[in-house]
Amino acid sequence: MSTMTKRIRARRTEVHNAEAMSHSGPALKTFGYLAMVITLLVVAVPLFWVVVTSFKQRPDIFTQPAEWWPKHPTTDGYHNAVFGIPFGSYLRNSLIITGVLSATKIVLGVLSAYALSLLRFPGRNLVFIVVIAALMVPNQITVISNYALVSQLGWRNTFQGIIIPLAGVAFGTFLMRNQFLSIPTEIIEAARLDGAGPLKLLWRVALPMSWPTLVAFSIITIVNEWNEYLWPFLMSDDSRTGTLPVGLTLLQTTDGITNWGPVMAATVLAMLPVLIVFLVLQRHMIKGLTAGAVKG
Amino acid sequence: MTSAAVPPAPVGDPPRRRGRPIGEWTLAGLLLLPNLVLLVVFTYRPLIDNVRLSFTSWNISAPVAHYIGTANYVRWWHDPNSHQVLINTVVFTVATVGVSMVLGLALAMLLDQKLRGRNIVRSVLFAPFVISGAAVGIAFQFVFDPNFGLIRDLAQRVGVTVPDFYQQPHWALFMVTVTYIWKNLGYTFVIYLAALQGRRADLDEAAEIDGASPWRRFTKVLLPQLRPTTYFLSITVLLNSVQVFDIINVMTRGGPQGYGTATMVYQVYKETFVNSQAGYGATIATIMFVFLLVVTLVQVRLMDRGRQT
């Protein structure tokens, strides 16, 4: 029966939308499609340009007017990018740093959020403010003192030197806390009366009810750490610990005159993984970003 | 989830709860401790340490920083580079925040309409937001290349000469600003789109039936409905814009002509790590943080006032 009413309702909105559309008229609709095409072009053409260049032979890059399709397509650029710079090392470092850092942040974020939402202790609001206020402090102005500290520890060019100073979680704590607070109190109370201890409450009740937010938080964290630039850039002198974005910069500076073919190839290779992840998981990511906005 | 069927807890604490708090306090402490330690050591400590360092002359690799009073602040006040950087920061921030909010709203309104293929355009528009700033910066360095770039090629086909985006400070700042907006427009777009989809459409319909013009419906119904989102975005987008480092470092290294595209964050980096004047860098970082704090507090005040009315 409910499917029946749903269908009727869907039918109604359809009719309604058709009416709304007829108000706007064909001229407006044409304008809408035109604006859509322009938007597509503005985003896609630069990316297309980069990809085309990455497949060009060196002399073909420096012709005027430019070729919009490589006359002599070649994968030399990719060959140079992968073997000319230690691309494998940068990729490995990116994977290690992103993996460990994201896992740490997700665990710390969930634990902090849980304590700040479902456990009761004195000064809870104050602690929450201390965590949240960290969002106001840009990483970029903490680097001076952190750089000196990490250097003194002898941690430059080490993974722990890059990972540990970045591991504190403010945004994720905020996101997960809001999620935990949105769980109906009756459910929490019932689980407690059933004799669930605090950790069981988190593991068996709170987390299973929070999967979508946890997934969103995880994806945002992974993308952010993958793209992190300033701190790894300051901590790494070479391919021992340099991440992909840092490697791109080093590739750029080793040549006096930029050899665009390999540089563009490396750029494409650096963009690709995160774009693929995005295409598969964009819904979750958008959910996390908007959840922060609506509650904020 | 059988527990959901249990009747609501009786009024008054059940006896079992009495023993709980102490254990719960300890657990909460243990769960929070690692995160708090990290935030205190690597976020709050450096923030305070910056203030101390701002009164010193210090090379970042030297063990000792010499106290020199307010000399760094005086220097910043009279430094022509600081004036240039301050102007760059304001221009860059106002342009990126303004353009990405206006365009983001416009595109959200467009792609909220029933148009064929809107889902593809939504995805494409959001995609650059996930790419690293370093990769986008390098890609756009070539897009803007004064001799062989995309912009130059397009302009030449229609018979327009393009400026040298690398060498002329104003155009270099323009280039960096456009690149930043291209990368981050998807964020404001997505947030506005979610707000549009979540709002109450009946108000708008009522206004339409009342015969209100589209412009009046936009300014009197839609914008007030979106006000909380607009405040939220103005704060987050501003905080993000002010922090930009990767795009500038990759595209221009803060140049041309020394500080042509340097913003305050870039100046902090340059004085500290390139010019080996970490004391001066800390001074600029401190000044920047105070600016940011004041601006954000003003925005939050406005937001609260906006909520009350």
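Everything numeric here is computed off the predicted structure, so don't read it as measured data. (Residues numbered from 1 in each chain as written. Chains lettered and ligands numbered in written order. Predicted model: local features only at pLDDT ≥ 70, side-chain atom pairs only at ≥ 80, totals over all residues. Heavy atoms only, no water.)

Within chain B, the secondary structure is distributed over 13 helices and two strands. Projected onto its principal axes, the C-alpha positions of chain B cover 70 × 60 × 35 Å. In chain B, which comprises 309 residues, the proportion classed as buried is 51%. Intrachain contacts of chain B at a sequence separation of at least 6 include 66% that bridge at least 24 residues. Per element, the accessible surface of chain B, about 14800 Å² overall, is 65% carbon and sulfur. (Helix = DSSP H or I, 4+ residues; strand = E, 2+ residues; numbered from the N terminus. Buried < 20%, exposed > 50% of the residue type's maximum accessible area, 1.4 Å probe, protein only. Contact = heavy atoms within 4.5 Å. Areas by Shrake-Rupley, 256 points an atom, 1.4 Å probe, with all protein chains shown as cover.)

Quick look at the nonpolar core now. Of all hydrophobic cores here, the largest spans 173 residues; its most connected members are A:Ile144, A:Phe180, A:Trp231 and A:Leu234. Those residues in contact with A:Ile144, other than ones at most four positions away along the chain, are B:Asn50, B:Leu53, B:Trp58, B:Ile60, B:Val268, B:Thr272, B:Ala278, B:Gly281, B:Ala282 and B:Ala285. (Core = buried A, V, L, I, M, F, W, Y, C linked by side-chain atoms within 4.5 Å.)

Turning to the environment of A:Ala206, a few remarks are in order. Considering the arrangement of structural elements, one finds A:Ala206 in helix H10 (residues 198-206). Given a relative accessible area of 0%, A:Ala206 falls into the buried group.

A few words on the domain arrangement of chain A. Residue and element names in this part refer to chain A. By the assigned domains, chain A splits into domain 1 (2-76) and domain 2 (84-295). Opposite the eight residues of domain 1 that make contact, domain 2 presents eight residues. Both sides together, the interface formed by domain 1 and domain 2 hides about 700 Å², and carbon and sulfur atoms give 78% of it. When the buried area of domain 1 at its contact with domain 2 is split by residue, Val 50, Ser 54 and Arg 58 rank highest and sum to 52% of it. (Domains from an automatic or database assignment. Buried area = accessible area lost by both parts, 1.4 Å probe.)

Contact residues are listed per partner, giving 100 residues for chain B and 99 residues for chain A. Of the roughly 8800 Å² buried where chain B meets chain A, counting both sides, 75% is carbon and sulfur surface. Applying the counting criterion to the chain B and chain A interface returns zero salt bridges. At 22 residues, the largest contribution of residues to the side of chain B that touches chain A is made by helix H1 (residues 20-53) of chain B. Taken together, the residues of the side of chain B that touches chain A sort by class into 66 nonpolar, 16 polar and 18 charged. (Salt bridge = Lys/Arg side-chain N within 4 Å of Asp/Glu carboxyl O. Nonpolar A, V, L, I, M, F, W, Y, C, P; charged D, E, K, R; others polar.)

Residues and elements named next belong to chain B. With the rule as written, the count across this model stands at seven salt bridges over all chains. For Asp 49, the salt bridge identified is with Arg 52, shortest N-O distance 2.8 Å. Remark: Arg 52 and Asp 49 occur in helix H1; sequence separation between them is three residues, near one turn of the helix. In this structure Asp 49 comes out as buried when scored by relative accessible area, which is 16%. Across the pair Asp 153 and Arg 157 runs a salt bridge, and its minimum N-O distance is 2.9 Å. Here Asp 153 pairs with Arg 157, and both are found in helix H6 (residues 150-157), just four residues apart, close to one helical turn. Take Asp 153: its relative accessible area is 4%, and that puts it in the buried class.

A separate point is the side chain of A:Thr142. Note that A:Thr142 resides in helix H6 (residues 139-152). Here the side chain of A:Thr142 touches A:Asn139 through a polar contact of 2.8 Å, landing on its backbone oxygen. The residues touching A:Thr142, leaving out its near neighbours within four places in the chain, are A:Val137, B:Phe42, B:Thr43 and B:Pro46. (Polar contact = N/O pair within 3.5 Å; in protein donor to acceptor, adjacent residues only side chain to side chain.)

Next up on the list: helix H11 (residues 211-227) of chain A. Residues and elements named next belong to chain A. The terminal C-alpha atoms of H11 lie 24 Å apart, and with 17 residues this matches the ideal 24 Å at 1.5 Å per residue to within 8%. With respect to burial, H11 is a largely interior element, 12 of its 17 residues being buried. Residues of H11 that are buried include every one of Thr 213, Leu 214, Ala 216, Phe 217, Ser 218, Ile 219, Ile 220, Thr 221, Val 223, Glu 225, Trp 226 and Asn 227, and no others. (Expected span 1.5 Å × (residues − 1).)

Glancing now at the packing of helix H4 (residues 87-118) of chain A against helix H8 (residues 171-181) of chain A. Packed helices, taken two at a time, are described by the angle between their axes plus the distance between the axes. All names here are of chain A. It is at 8 Å that the axes of H4 and H8 come closest, and there the two elements cross at 45°. As judged from the angle between their axes, H4 and H8 are oblique. Considering the relative orientation of H4 and H8, their crossing is right-handed. Across the interface between the two elements, Gly 109, Val 110, Ser 112, Ala 113, Tyr 114, Leu 116, Ser 117 and Leu 118 of H4 pack against Thr 173, Met 176, Arg 177, Phe 180 and Leu 181 of H8. Residues that form the contact of H4 with H8 fall into these classes: eight nonpolar, four polar and one charged. (Axes fitted to C-alpha atoms, helices over the stretch in contact; angles between N-to-C directions. Parallel < 35°, antiparallel > 145°, perpendicular 65-115°, else oblique. Left-handed = near helix turned anticlockwise from the far one by under 90°.)

What follows deals with the confidence of the model for chain B. When pLDDT is averaged along chain B, the result is 87, and 92% of the positions lie at 70 or above. Within the model, pLDDT remains below 50 along residues 1-19 of chain B, and this stretch shows 13 contacts once partners closer than five positions in the same chain are excluded. (pLDDT = per-residue confidence, 0-100.)

Okay, the packing of aromatic side chains next. Two numbers describe a pair of aromatic rings. These are the distance of the centres and the angle of the planes. In the structure shown here, the tally under the stated rule is 27 aromatic pairs over all chains. Ring geometry for A:Trp49 and B:Phe142: centres 5.9 Å apart, planes at 25°, overall stacked. With A:Trp49 in helix H1 (residues 2-54) and B:Phe142 in helix H5 (residues 133-143), the pair connects residues from two separate chains. Ring geometry for B:Phe245 and B:Tyr266: centres 5.4 Å apart, planes at 20°, overall stacked. Residue B:Phe245 is located in the loop between helix H10 (227-242) and helix H11 (246-251), and its partner B:Tyr266 is located in helix H12 (residues 264-274); the two are separated by 21 residues in the primary sequence. For the pair formed by B:Phe245 and B:Tyr266, the shared burial category is buried. Through a chain of ring-to-ring contacts, the aromatic side chains of A:Tyr147, A:Tyr229, A:Phe233, B:Phe245, B:Tyr266, B:Tyr269 and B:Phe273 assemble into a single cluster. One residue, B:Arg75, lies across the ring of B:Tyr280, its end atom 3.7 Å from the ring centre. (Phe/Tyr/Trp six-rings, centres within 6.5 Å; stacked < 30°, edge-to-face > 60°. Lys NZ or Arg CZ within 6 Å of the ring centre and 35° of its normal.)

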